[in-house]
Amino acid sequence: AFGELPRQHFNTGWVQAQVATAHFNMAQHTHAEAAFRRARELEPHRLQGMEVYSTVLWFLKREHELCYLAQEVVALDRLAPQTWCVLGNCFSLQREFETAIKFFNRAVQVDPSFTYAYTLAGHEHVSNEDFEK
(Lines give C-alpha, C1' and ligand atoms only; values in the text may rest on other atoms or scores of the structure.)
Protein backbone atom coordinates (compact mmCIF):
# COMPACT_ATOMS: atom_id res chain seq x y z
CA ALA A 1 0.00 0.00 0.00
CA PHE A 2 2.83 2.41 0.80
CA GLY A 3 4.27 1.83 -2.68
CA GLU A 4 1.13 3.37 -4.16
CA LEU A 5 1.67 6.70 -2.39
CA PRO A 6 2.76 9.72 -4.42
CA ARG A 7 6.55 10.04 -4.49
CA GLN A 8 6.59 13.14 -2.25
CA HIS A 9 4.70 11.21 0.45
CA PHE A 10 6.60 7.94 0.04
CA ASN A 11 9.92 9.72 0.44
CA THR A 12 9.32 10.87 4.00
CA GLY A 13 10.95 9.61 7.15
CA TRP A 14 7.63 8.53 8.62
CA VAL A 15 6.63 6.38 5.64
CA GLN A 16 10.10 4.88 5.31
CA ALA A 17 10.10 3.99 9.02
CA GLN A 18 6.70 2.30 8.57
CA VAL A 19 7.99 0.39 5.53
CA ALA A 20 11.07 -0.63 7.51
CA THR A 21 8.97 -1.81 10.45
CA ALA A 22 6.80 -3.86 8.09
CA HIS A 23 9.93 -5.51 6.66
CA PHE A 24 11.19 -6.16 10.18
CA ASN A 25 7.89 -7.79 11.18
CA MET A 26 8.25 -10.10 8.16
CA ALA A 27 11.85 -10.94 9.22
CA GLN A 28 13.23 -9.18 6.13
CA HIS A 29 16.03 -7.56 8.07
CA THR A 30 18.16 -6.46 5.13
CA HIS A 31 15.21 -4.64 3.53
CA ALA A 32 14.28 -3.16 6.91
CA GLU A 33 17.81 -1.86 7.37
CA ALA A 34 17.76 -0.18 3.96
CA ALA A 35 14.41 1.51 4.63
CA PHE A 36 15.52 2.69 8.08
CA ARG A 37 18.68 4.11 6.53
CA ARG A 38 16.53 6.05 4.05
CA ALA A 39 14.31 7.28 6.88
CA ARG A 40 17.37 8.57 8.75
CA GLU A 41 18.69 10.28 5.61
CA LEU A 42 15.34 12.01 5.11
CA GLU A 43 14.81 12.87 8.79
CA PRO A 44 18.10 12.63 10.72
CA HIS A 45 16.46 13.87 13.93
CA ARG A 46 13.79 11.15 13.96
CA LEU A 47 13.67 9.09 17.16
CA GLN A 48 10.40 7.31 16.49
CA GLY A 49 11.15 3.81 15.25
CA MET A 50 14.85 3.86 16.13
CA GLU A 51 14.28 1.19 18.77
CA VAL A 52 13.12 -1.15 16.00
CA TYR A 53 16.03 -0.08 13.78
CA SER A 54 18.41 -0.97 16.60
CA THR A 55 16.81 -4.41 16.81
CA VAL A 56 17.30 -4.85 13.07
CA LEU A 57 20.97 -3.98 13.47
CA TRP A 58 21.15 -6.41 16.40
CA PHE A 59 19.71 -9.23 14.26
CA LEU A 60 22.16 -8.43 11.46
CA LYS A 61 25.04 -8.28 13.99
CA ARG A 62 26.01 -4.80 12.77
CA GLU A 63 27.85 -3.77 15.91
CA HIS A 64 29.55 -0.65 14.53
CA GLU A 65 26.35 0.70 12.98
CA LEU A 66 24.44 0.00 16.18
CA CYS A 67 27.04 1.79 18.32
CA TYR A 68 26.95 4.75 15.93
CA LEU A 69 23.15 4.86 16.09
CA ALA A 70 23.37 4.77 19.90
CA GLN A 71 25.70 7.78 19.90
CA GLU A 72 23.40 9.66 17.53
CA VAL A 73 20.21 9.09 19.52
CA VAL A 74 21.92 9.97 22.81
CA ALA A 75 22.91 13.27 21.21
CA LEU A 76 19.30 13.82 20.07
CA ASP A 77 17.48 13.04 23.33
CA ARG A 78 19.02 11.28 26.32
CA LEU A 79 15.65 11.04 28.03
CA ALA A 80 13.64 9.31 25.29
CA PRO A 81 12.69 5.65 25.81
CA GLN A 82 13.82 4.92 22.24
CA THR A 83 17.32 6.05 23.19
CA TRP A 84 17.47 3.67 26.15
CA CYS A 85 16.26 0.79 23.96
CA VAL A 86 18.92 1.52 21.35
CA LEU A 87 21.55 1.59 24.09
CA GLY A 88 20.20 -1.67 25.52
CA ASN A 89 20.42 -3.37 22.13
CA CYS A 90 23.95 -2.05 21.70
CA PHE A 91 25.07 -3.58 24.99
CA SER A 92 23.14 -6.78 24.31
CA LEU A 93 25.00 -7.25 21.04
CA GLN A 94 28.26 -6.78 22.95
CA ARG A 95 27.06 -9.55 25.32
CA GLU A 96 26.80 -7.21 28.29
CA PHE A 97 23.42 -8.54 29.31
CA GLU A 98 23.06 -6.99 32.76
CA THR A 99 23.77 -3.52 31.38
CA ALA A 100 21.33 -4.13 28.53
CA ILE A 101 18.59 -5.07 31.00
CA LYS A 102 19.31 -1.95 33.07
CA PHE A 103 18.90 0.21 29.95
CA PHE A 104 15.64 -1.50 28.94
CA ASN A 105 14.35 -0.99 32.48
CA ARG A 106 15.38 2.66 32.27
CA ALA A 107 13.27 3.01 29.11
CA VAL A 108 10.31 1.68 31.12
CA GLN A 109 11.02 4.16 33.92
CA VAL A 110 11.10 7.03 31.42
CA ASP A 111 7.83 5.93 29.79
CA PRO A 112 5.89 3.07 31.42
CA SER A 113 3.62 2.86 28.36
CA PHE A 114 6.54 2.17 25.99
CA THR A 115 5.76 -1.50 25.49
CA TYR A 116 8.71 -2.32 23.23
CA ALA A 117 11.06 -1.81 26.19
CA TYR A 118 9.23 -4.56 28.09
CA THR A 119 9.56 -6.83 25.06
CA LEU A 120 13.30 -6.24 24.76
CA ALA A 121 13.84 -6.72 28.51
CA GLY A 122 11.87 -9.96 28.35
CA HIS A 123 13.93 -11.25 25.44
CA GLU A 124 17.09 -10.38 27.32
CA HIS A 125 15.94 -12.30 30.40
CA VAL A 126 14.99 -15.31 28.28
CA SER A 127 18.31 -15.30 26.43
CA ASN A 128 20.05 -15.38 29.84
CA GLU A 129 17.66 -18.07 31.07
CA ASP A 130 16.76 -15.69 33.88
CA PHE A 131 13.15 -16.79 34.19
CA GLU A 132 12.59 -15.64 37.75
CA LYS A 133 12.57 -11.91 36.84
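Everything discussed here concerns the structure shown above.
All values reported here derive from a predicted model rather than from experimental measurement.

Draft legend 1. Focus on the nonpolar core. Core analysis: the largest hydrophobic core is formed by 36 residues, its most contacted members being Phe36, Met50, Leu69 and Val86. Looking at this core, the elements with two or more residues in it are helix H2 (13-25), helix H3 (29-42), helix H4 (50-59), helix H5 (63-76), helix H6 (81-93), helix H7 (97-110) and helix H8 (115-127). With six residues, the top contributor of residues to this core is H6. Setting aside anything within four residues of it in sequence, one finds Leu69 in contact with Arg40, Met50, Tyr53, Ser54, Leu57 and Val86.

Draft legend 2. Looking closely at the side chain of Glu51. Within the element layout of this structure, Glu51 appears in helix H4. Although Glu51 is buried, it makes no salt bridge; Arg46 carries the closest opposite charge, 8.5 Å away. Setting aside chain neighbours within four positions, we find Glu51 in contact with Gln82, Cys85, Val86, Asn89, Phe114 and Tyr116.

Draft legend 3. Spotlight on H2. Helix length check: H2, at 13 residues, gives a terminal C-alpha distance of 18 Å against a target of 18 Å (1.5 Å per residue), a fit within 8%. For H2, the full list of buried residues reads Gly13, Val15, Gln16, Ala17, Val19, Ala20 and Phe24. Packing partners of the buried residues in H2 comprise helix H1 (7-10), H3, H4 and H8. Two residues or fewer past H2, Ala27 is found with a positive phi of approximately 60°.

Conventions we followed
- Residues numbered from 1 in each chain as written.
- Predicted model: local features only at pLDDT ≥ 70, side-chain atom pairs only at ≥ 80, totals over all residues.
- Heavy atoms only, no water.
- Core = buried A, V, L, I, M, F, W, Y, C linked by side-chain atoms within 4.5 Å.
- Buried < 20%, exposed > 50% of the residue type's maximum accessible area, 1.4 Å probe, protein only.
- Helix = DSSP H or I, 4+ residues; strand = E, 2+ residues; numbered from the N terminus.
- Contact = heavy atoms within 4.5 Å.
- Lys, Arg positive; Asp, Glu negative; His and termini not counted.
- Salt bridge = Lys/Arg side-chain N within 4 Å of Asp/Glu carboxyl O.
- Expected span 1.5 Å × (residues − 1).

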